[in-house]
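Coordinate inspection notes
Spelled out, the chains give:
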Amino acid sequence: MTTFATKTRLLLTGIAGVLVSSQVALAQDCTPKHTFATIEEGTLTVAVTTYVPHSYLDDAGNMKGIDGDIAAEFAKRECLKVKAVAVDPAAAIQYVLSGQADIATGDWYRTAERAKVMNLSAPLYTDQMAIYSKDGFANVGDLEGKQVGTVQGYLWVTDLKTMLGSKLKLYPNSVNMQQDLFAGRIDVAVDGYSTGVVAEKSGALKDVKVKVAASDDRVRATKEAAQAAFPYSFNAKEFGVALDAQIEAMHADGTIVNVLKSYGLDGTAAETGAPRLVQ
C-alpha cells in the first residue's frame, strides 16, 4: 500500500523494533551473484510491516507475504541470511533511513516524494484498483449514480471525487468501509485488489465480489497503477544494483508471477511496465 498516510490503514499489528526471526537462506556452497555490503555482514535485515497479503510474519516469526517472499528469494540468490524485524508501518521507512534495516516490506509505492529521501528498487508489481460490489461491477461507469466508498490516500481518490462529487464517501480504513458496504450504507466500494482477494477467499466479504477496474480515461489509476518497490538507502548503491538485477531476473523467470499466484492473485500485477514515480 501505499502512501505514508495509508500505510496505517489495515491489519497493523507489528511491534517496532522487535527482532522476530532469522530465516536462513545461506547454503554452504552458495556463491553470490553480486558484491555489495549490507548493514550486517552476510545478512539481509528487513523491516517487516503487517499488511496482508503483501507483508507479515507467520506464527514462527518468519517473513511472509508477496514482498516477503520476493525479499527472501533475493537473499537466497545472494547467499544472505534474513533477519526480520517487526515494525509499525509508521516506523518502517525511518528504519531504512536510519540504517537499522536494508529494506522494508509492505507494498511501498514508488512515489516522487519518497524518492527525494531514499532509493526505490525496480518495480515488484502494481497495486491494482478494484471495485467491490454485490453485482460484480468491473467498470468505472458502473459507479455513476451510486453511493461509493473508498479509503483515503489512494491514487484514484482525486479522480473519483471529480467524477462522483458528493456521491463519494471517504473512509480512514478498509474495515469501516466494508462495514458500511455490508450494511447497505454505500452501494459500491473501491479498494486495492490484492487485499480484496484475500478477504474474498476467506469469506470475509460475504456476497461481495472483487473485480479489477477496467481501464477508463477518467481515472488514471485504472490505466497506470502505482508500482510497489523495496525502499533502501541512498548510500547503498551497490546493494541497489544487485537488488534491481535480481528483481529483473525474477520477473524474467516467472518467480514474481508465481509468488503473486501463490497468494491467490492472477499474476497480471507483475506486468509493471517501465519504472515510474507517482507524482
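Data block above holds the structure.
Description of the structure in this document.

Here is what the cut-offs are and how they apply
Residues numbered from 1 in each chain as written. Predicted model: local features only at pLDDT ≥ 70, side-chain atom pairs only at ≥ 80, totals over all residues. Heavy atoms only, no water. Helix = DSSP H or I, 4+ residues; strand = E, 2+ residues; numbered from the N terminus. Axes fitted to C-alpha atoms, helices over the stretch in contact; angles between N-to-C directions. Left-handed = near helix turned anticlockwise from the far one by under 90°. Contact = heavy atoms within 4.5 Å. Nonpolar A, V, L, I, M, F, W, Y, C, P; charged D, E, K, R; others polar. Pairing = 2+ DSSP bridges. Parallel < 35°, antiparallel > 145°, perpendicular 65-115°, else oblique. Disulfide = S-S within 2.5 Å. Buried < 20%, exposed > 50% of the residue type's maximum accessible area, 1.4 Å probe, protein only.

Details of unusual backbone geometry
- For the bond from V52 to P53, the omega torsion is 5°, close enough to zero to count as cis.
- You can see P53 is positioned in the loop between β2 (43-48) and β3 (56-57).
- A positive phi angle is found at C79, which is not glycine, with a value near 60°.
- For C79, the position within the fold is in the loop between α1 (65-77) and β5 (81-86).
- Phi is positive for K206, which is not a glycine, with a value near 60°.
- In this structure, K206 sits in the loop between α6 (193-201) and β14 (209-212).

As for the packing of α1 against helix α9 (residues 255-262)
- Where α1 contacts α9, the axes come no closer than 9 Å and their chain directions differ by 145°. In this structure, α1 crosses over α9, and the sense of that crossing is right-handed. Contacts from I66, D69, I70, E73 and R77 in α1 reach T255, I256, V259, L260 and S262 in α9.
- Grouping the amino acids of the contact of α1 with α9 by side-chain chemistry returns 5 nonpolar, 2 polar and 3 charged.

Topic: the sheet that holds strand β10 (residues 129-133)
- In spatial order, the strands read β12-β11-β13-β10-β14; together these 5 strands make up an open sheet with mixed pairing. Unpaired on one side and paired on the other, β12 (168-171) and β14 mark the two borders of the sheet. When strand polarity is set aside, the average angle formed by the axes of neighbouring strands in this sheet is 30°.
- Across 3 bridges, strand β11 (residues 148-151) lies against strand β13 (residues 188-192) in parallel orientation. The residue bridging T150 from the neighbouring strand is V190, located in β13.
- Relative to β13, helix α5 (residues 174-183) is tilted by about 155°, and along the sheet it contacts β10, β11, β12 and β13.

Some remarks on the packing of α1 against helix α8 (residues 237-252)
- For the pair α1 and α8, the least separation of the axes is 10 Å and the interaxial angle reads 110°. With respect to α8, the axis of α1 lies roughly perpendicular. Crossing of α1 against α8: the hand is right-handed. Here α1 contributes I70, E73, F74 and R77 to the contact with α8, which in turn contributes F239, A242, L243, Q246, A249 and M250.
- When its residues are assigned to classes, the contact of α1 with α8 shows 7 nonpolar, 1 polar and 2 charged.

Some details on the state of the cysteines
- Inspection of the entire model under this criterion finds 1 disulfide.
- C30 shares a disulfide with C79; S-S distance 1.8 Å. On the sign convention where negative is left-handed, the bridge of C30 and C79, at about -80° about the S-S bond, is left-handed. Highlighted residues: C30 in the loop between β1 (18-23) and β2 and C79 in the loop between α1 and β5, separated in sequence by 49 residues.

Observations regarding the pairing of β2
- Of all the 6 residues making up β2, 6 are buried; the element is thus mostly covered by neighbouring parts of the structure.
- Of the two faces of β2, the one lined by T43, T45 and A47 and the one lined by L44, V46 and V48 are each fully buried.
- Of the strand pairs in this sheet, β2 and strand β6 (residues 103-105) are connected by 3 bridges, and their pairing is parallel. The residue bridging A47 from the neighbouring strand is A104, located in β6.

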